[in-house]
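Next come the chains, spelled out residue by residue.
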Amino acid sequence: MAESLSTNLAGVILRNPVLLAAGTAGTLDEMGDALDLSRIGGIVTKSITRRPREGNPTWRILPTDGGMLNAIGLANVGLDAFLRDYAPKVPNVPTRVIGSIAGFSIDDYVAVAAAMDGVEAIPAVELNVSCPNVHGGAEFGSDAAALSTLVRECRKVLTSTRLFVKLSPIVAGPVRLAEIARSAVEPAGSQPAGPNSRPGAEALCISNTLPAMAIDVESRKPRLANVTGGLSGPALHPVAVKLVHDVYRAFAKDSGTPLVGIGGVIRWEHAAEFILAGASAVEIGTGLFADPRCPIKVAEGLARWAARQRVGNISELVGRLELPEKR
Ligand SMILES: Cc1cc2nc3c(=O)[nH]c(=O)nc-3n(C[C@H](O)[C@H](O)[C@H](O)COP(=O)(O)O)c2cc1C
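All of the points below concern the structure found in this document. Keep in mind the model is a prediction, meaning the values are calculated, not measured. (Residues numbered from 1 in each chain as written. Predicted model: local features only at pLDDT ≥ 70, side-chain atom pairs only at ≥ 80, totals over all residues. Heavy atoms only, no water.)

Some words on the overall build of the protein
Going by this rule: Strands here are runs of E lasting at least two residues and helices are runs of H or I lasting at least four, both read from the DSSP assignment and numbered beginning at the N terminus. Atoms counted for the radius of gyration: C-alpha only. Globule rule: 2.2 Å times residue count to the power 0.38. Throughout this description, buried means an accessible area under 20% of the type-specific maximum (1.4 Å probe, protein chains only), exposed means over 50%, and partly exposed covers the range between. What makes two residues a contact is simply this: any of their non-hydrogen atoms within 4.5 Å. In these tables, accessible area is a Shrake-Rupley quantity obtained with a 1.4 Å probe, and a residue counts as shielded only by the protein chains included in the view. Charge counting follows a simple rule: Lys and Arg are positive, Asp and Glu are negative, and His as well as the terminal groups are ignored. Here the site of a charge means NZ on Lys, CZ on Arg, CG on Asp, or CD on Glu.
When its secondary structure is counted, the protein shows nine helices and 16 strands. In terms of overall size, the protein behaves like a compact globule, its C-alpha atoms giving a radius of gyration of 19 Å where 327 residues would be expected to give roughly 20 Å. Projected onto its principal axes, the C-alpha positions of the protein cover 55 × 50 × 50 Å. The burial tally for the protein puts 54% of its 327 residues in the buried class. Contacts in the protein between residues far apart in sequence, at least 24 positions, make up 70% of those at least 6 positions apart. Within the structure as shown, the protein displays about 14500 Å² of accessible surface, and the carbon and sulfur contribution to it stands at 51%. Separation of charge centres in the protein, based on 33 positive and 32 negative side chains, amounts to 3 Å.

Description of the nonpolar core
A general trend in soluble globular proteins is that nonpolar side chains are found buried together. Stated precisely, the cut-off is as follows: We call a set of buried residues a nonpolar core when its members are Ala, Val, Leu, Ile, Met, Phe, Trp, Tyr or Cys and they connect through side-chain atoms within 4.5 Å of each other.
With 85 residues, the main nonpolar core has Leu20, Leu127, Leu147, Val165, Leu167, Leu204 and Leu302 as its most contacted residues. Excluding anything up to four places from it in sequence, Leu147 contacts Val129, Phe140, Val165, Leu167, Ile180, Ser183 and Ala184. Residues Val12, Leu19, Ala124 and Ala281 belong to the second largest nonpolar core, which totals 15 residues.

Some remarks on the site of the ligand
Formally: The cutoff for a nearby residue is simple: one of its non-hydrogen atoms must lie within 4 Å of the molecule or strand. Think of a polar contact as two N or O atoms within 3.5 Å of one another; within protein, one of them needs to be a possible hydrogen donor and the other a possible acceptor, and neighboring residues in sequence only count if both atoms come from side chains. Any residue that is not Ala, Val, Leu, Ile, Met, Phe, Trp, Tyr, Cys, Pro, Asp, Glu, Lys or Arg is counted as polar, Gly included; the first ten are nonpolar and the last four charged.
Of all residues adjacent to the ligand, which total 25 residues, the nearest are Ala22, Ser47, Gly233, Gly264 and Thr286. In the model, a nitrogen atom of the ligand is placed 2.7 Å from a nitrogen or oxygen of the Ser47 side chain. Interatomic distance of 2.7 Å between a side-chain N/O atom of Thr286 and an oxygen atom of the ligand. Relative to its free-state accessible area of 600 Å², the ligand is covered by the protein chains to the extent of 97%. Residues belonging to the shell around the ligand are distributed by class as follows: nine nonpolar, 14 polar and two charged.

Some words on unusual backbone geometry
Of note, the amide linkage connecting Thr58 to Trp59 takes the cis form, showing an omega dihedral of -5 degrees. Phi angles above zero are rare outside glycine, and Leu74 is one such case at about 60 degrees. Looking at the secondary structure, you find Leu74 in the loop between strand 6 (67–70) and helix 2 (79–86). Look at Leu74 and you get buried, because its relative accessible area is 16%. Phi angles above zero are rare outside glycine, and Val227 is one such case at about 75 degrees. Mapped onto the fold, Val227 is located in the loop between strand 13 (221–222) and strand 14 (229–232). Overall, Val227 belongs to the partly exposed group, its relative accessible area being 36%.

As for the environment of Pro63
Along the chain, Pro63 turns up in strand 5 (residues 61–64). For Pro63, a relative accessible area of 63% puts it in the exposed group. Considering only alpha carbons, one finds Pro63 and Gly137, 74 residues apart in sequence, at a separation of 29 Å. When near neighbours in sequence (up to four residues on either side) are disregarded, Pro63 contacts Met68 and Arg223.

Remarks on a nonpolar patch on the surface
Heads up, the condition is: Here a patch means residues that are over 30% exposed by relative accessible area and free of salt bridges, tied together within 9 Å if like-charged and within 5 Å if nonpolar (Val, Leu, Ile, Met, Phe, Trp, Tyr). One speaks of a salt bridge when a side-chain nitrogen belonging to Lys or Arg is within 4 Å of a carboxyl oxygen belonging to Asp or Glu.
There is a patch of nonpolar side chains on the surface, built from Met213, Ile215, Val217 and Val227 and spanning about 380 Å² of accessible area. Position of Met213 among the secondary structure elements: in the loop between strand 11 (210–212) and strand 12 (215–216). Judged by its relative accessible area of 46%, Met213 falls in the partly exposed class.

Details of the sheet that holds strand 11
Strand pairing in a sheet is mediated by backbone hydrogen bonds. Such pairs are either parallel or antiparallel. Our working rule: Two strands pair if DSSP finds at least two bridges between them. Each axis is a line fitted through C-alpha atoms, and for a helix only the stretch in contact is used; angles between axes span 0 to 180 degrees, taken between their N-to-C directions.
Taken in spatial order, the four strands make up an open sheet running 5-6-14-11, and their pairing is antiparallel. Every other strand in the sheet has two partners, leaving strand 5 and strand 11 as the edge strands with one partner each. The sheet shows a mean angle of 35 degrees between the axes of neighbouring strands, direction not considered. Bridge analysis of strand 11 against strand 14 gives three bridges, and the strand direction is antiparallel.

Examining the side chain of Lys46
Take Lys46: it is sitting in the loop between strand 4 (42–44) and strand 5. Salt bridges are absent for the buried Lys46, whose nearest opposite-charge side chain, Glu126, sits at 11 Å. Ignoring anything within four residues of it in the chain, the contact list for Lys46 reads Gly23, Gly26, Thr27, Ile72, Leu74, Ala75, Asn76 and Ser100.

Focus: the state of the cysteines
Stated precisely, the cut-off is as follows: Pairs of cysteine sulfur atoms within 2.5 Å are identified as disulfides in what follows.
Evaluated as defined, the whole model comprises zero disulfides. The thiol of Cys131 is not disulfide-bonded; the next cysteine sulfur, from Cys154, is found 12 Å away. Overall, Cys131 belongs to the buried group, its relative accessible area being 1%. Unpaired in this structure, Cys294 has its nearest cysteine sulfur neighbour in Cys205, at a distance of 18 Å. Classification of Cys294 by relative accessible area gives buried; the value is 3%.

Examining the pattern of salt bridges
Scanning all chains against the criterion turns up 10 salt bridges. Two residues, Arg39 and Glu300, come together in a salt bridge whose shortest N-O distance is 2.6 Å. One end of the pair, Arg39, is in the loop between strand 3 (18–20) and strand 4; the other, Glu300, is in helix 9 (residues 294–308), with 261 residues separating them in the sequence. A salt bridge links Lys297 to Asp291, with the shortest nitrogen-to-oxygen separation between them at 2.6 Å. We classify Lys297 as partly exposed; its relative accessible area is 40%.

Printed below as a string of structure tokens:
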């Protein structure tokens, strides 16, 4: 299994293409109590902000048909506590650790990116751009100009750490999403990159939760204290597959930008769909709440699928979706 699943994600070598999604598995390696981390490709940390955050009041997680809703509000320990209490443990985590970063201004992101760049055992950071920009209010991930600036500024402080951008699903339509994807990978106004470096993101992670809400019909009140939240889990999966498909076809395939599929993976078939649509790896979040060992089962299923498909390595199946002839 080892060789057939070994994955090179923008220069970060993973044992297999199955990672734990940001915010669903504790701050760092807490899932290690329930899941053998040496059998997965990697962990994405909780999104870390410059200052600690309490997040939203409860209720802030709810089951829903086909998934769950959350309005955690980026509760996290903050950068100082991350550097003091978690960063020293990273070298001993038995899998790759990707640092997730959130913020409400470009300075916020840059401060956390610079600090994570100093943590040697973190080979890449993932920017969670589904956060409102205090200057203007729109999410960074829905504003190509703001995203370009954000990526350019973060790039400047990353010396050896790879830069991944986790796109927001809320932008309307494939054309607009491709435009956003391009602004993350080739930010406007960036200097031409050297042969081995990119001016912007080295991989795109697609995507985050979809805005959603639930109502208690007896009390006639919203079920989440925050009123609205984000939908994750199986209900999100077909939506996320299409987003990966759209970005792969419109932009990523030709530019050689690796994609990570995120949304509703609970069985290996879901991960395989993402791979055929164009993803080089997948992240699993909500699936962990139902079965903490599901990432290992997904990796085992992918290995058997790769053997049946007669490929030496799973990467040979990336983007190998067979589309019907154009009518
Ligand atoms: C409880 C919870 C907390 C989350 N926290 C974060 C976070 O801190 N940063 C982030 O980028 N995404 C966060 N997400 C989104 C997930 O990383 C993932 O993109 C989303 O849940 C879709 O994947 P899934 O269907 O496998 O859960 C969170 C999701 C859940 C359910």
